[in-house]
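# Architecture and fold: a report
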Amino acid sequence: MYVGGVGAGCTLGYVKDIYGEPIEKSDFSTQWLHLVTYKYSESFSITGRCFANENLPENEMLVAGFVLKDNSLSTPSGIRVGSSYEEVIQKFGSGEDVKINGKMYYCFNAPNSAVEMSFVVDDNNIITEIHEGTEL
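Residues numbered from 1 in each chain as written. Predicted model: local features only at pLDDT ≥ 70, side-chain atom pairs only at ≥ 80, totals over all residues. Heavy atoms only, no water.

As a further point, take the pairing of strand β10 (residues 127-134). Bridge count between strand β6 (residues 62-68) and β10: four bridges; the pairing is antiparallel. Paired with Phe 66 across the bridge in β10 is Glu 132. The pairing of strand β9 (residues 115-121) with β10 spans seven bridges and is classified as antiparallel. Paired with Val 115 across the bridge in β10 is Thr 134. In sequence, β9 turns back onto β10 through a hairpin of five residues, with Asn 125 there showing a positive phi of about 60°. (Pairing = 2+ DSSP bridges. Helix = DSSP H or I, 4+ residues; strand = E, 2+ residues; numbered from the N terminus.)

Rendered as structure tokens:
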């Protein structure tokens, strides 16, 4: 469940090795979590996370998810924004469908993992966004 060579389990340091410095970075902390999001374009961002008490350096934070809204990157199986959802079904079967704020998401859980990849589709079942995320 990767796009462009990165996904859950990679470090933010590895992300920088592949993509360089982000154009924008946001940092957010709660009592329990520390989140850092790297924005590489208006259409691609990656978020790393650690527990607040870990005090990890940013480069050692693990990727917790990403959002991709253009066709610049693909999954290892060639799925990208602009692909038809039919291609996903042919490779992985049907995902769980969830409608959130008017958007249709098809969600897939990685076996034996807390990682989920979701494909947002338009009315023609064309992928408009790819999301990946992990549970805590």
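Looking now at the confidence of the model for the chain. Per-residue pLDDT for the chain has a mean of 93; in total, 99% of the residues score no lower than 70. Of all helices and strands in the chain, the one with the weakest mean pLDDT is strand β1 (residues 2-3) (89), whereas helix α1 (residues 12-19) scores best (97). (pLDDT = per-residue confidence, 0-100.)

Quick look at the pattern of salt bridges now. Taken as a whole and assessed by the stated rule, the structure comprises six salt bridges. Glu 58 serves as the salt-bridge partner of Lys 16, at 3.7 Å between the closest nitrogen and oxygen. Here the residue Lys 16 occupies a position in helix α1, and Glu 58 occupies one in the loop between β5 (44-51) and β6, the gap between them amounting to 42 residues. The class of Glu 58 is buried, set by a relative accessible area of 19%. A salt bridge links Lys 103 to Glu 129; the shortest N-O distance between them is 2.6 Å. On the criterion of sequence distance, the pair formed by Lys 103 in strand β8 (residues 103-109) and Glu 129 in strand β10 is long-range, its members being 26 residues apart. When its relative accessible area of 7% is taken as the criterion, Glu 129 is described as buried. Salt bridges here are not isolated pairs; linked through shared partners, they connect Lys 16, Glu 21, Lys 25 and Glu 58. (Salt bridge = Lys/Arg side-chain N within 4 Å of Asp/Glu carboxyl O. Buried < 20%, exposed > 50% of the residue type's maximum accessible area, 1.4 Å probe, protein only.)

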